[in-house]
Amino acid sequence: MPTEKIAHVVAFAFPFGAHPIALLHLMQSLAAAAPTVRFSYFNTAGSNHKFFSNLGKNSCPNIKVYNVEDGVPDRHALSGNLEEIIELFIKATP
């Protein structure tokens, strides 16, 4: 018995600047236009919490949100330099 393939779109946000917001808006538009397509949105836990905490649970039922590591070691005191934060994130991502 053949199984039906489900279309799947994956987005990995670069969590600095306006990139994650623009990508999320694009995914929401696509998800609304294609309700049978599965969408996976990858971003840091902090960004995901900020963006999705105000959305209703059923606002886009075909978008699944995943957290990725931000690369900041436990108990690491950040210098406040954005370049340091970006470098830690890039080192942590595959």
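Please refer to the structure higher up on the page.
It should be emphasised that the depicted structure is a prediction, and the values quoted were computed from it without experimental measurement.

Cut-offs used in this document
- Residues numbered from 1 in each chain as written.
- Predicted model: local features only at pLDDT ≥ 70, side-chain atom pairs only at ≥ 80, totals over all residues.
- Heavy atoms only, no water.
- Salt bridge = Lys/Arg side-chain N within 4 Å of Asp/Glu carboxyl O.
- Helix = DSSP H or I, 4+ residues; strand = E, 2+ residues; numbered from the N terminus.
- Buried < 20%, exposed > 50% of the residue type's maximum accessible area, 1.4 Å probe, protein only.
- Arc of directions from axis to C-beta.
- Contact = heavy atoms within 4.5 Å.
- Pairing = 2+ DSSP bridges.
- Phe/Tyr/Trp six-rings, centres within 6.5 Å; stacked < 30°, edge-to-face > 60°.

A. Region of interest: the pattern of salt bridges. For the coordinates displayed, the defined rule picks out 1 salt bridge. Lys91 serves as the salt-bridge partner of Glu87, at 3.1 Å between the closest nitrogen and oxygen. Of this pair, Glu87 and Lys91 both sit in helix α3 (residues 82-92), 4 residues apart, which is roughly one turn of that helix.

B. Representation of α3 in the model. All buried positions along α3 are accounted for by Glu84, Leu88 and Phe89. Summarising the axial view, the buried residues of α3 lie within an arc of 130 degrees, below the 170-degree limit, and thus occupy one face. Tucked into the core, α3 has its buried residues touching β1 (8-12), β2 (38-44) and β3 (63-68).

C. Looking closely at the pairing of β1. Sheet topology note: the β1/β2 ladder contains 5 bridges and is parallel. When the bridges of β2 are listed, His8 appears paired with Arg38.

D. Broad picture of the packing of aromatic side chains. Summed over all chains, the structure comprises 6 aromatic pairs. With a centroid separation of 5.7 Å and 80 degrees between ring planes, the pair formed by Phe16 and Phe89 is classed as edge-to-face. You can see Phe16 sitting in the loop between β1 and α1 (19-33) and its partner Phe89 sitting in helix α3, a full 73 residues away along the chain. Looking at Phe89, the relative accessible area reads 2%, which means it is buried. Through a chain of ring-to-ring contacts, the aromatic side chains of Phe12, Phe14, Phe16, Phe42, Tyr66 and Phe89 assemble into a single cluster.

E. Spatial organisation of the environment of Pro35. Mapped onto the elements, Pro35 comes out in the loop between α1 and β2. The class for Pro35 is exposed, based on a relative accessible area of 59%. The spacing of Pro35 and Gly80 is 45 residues in sequence and 41 Å in space, taken between C-alpha atoms.

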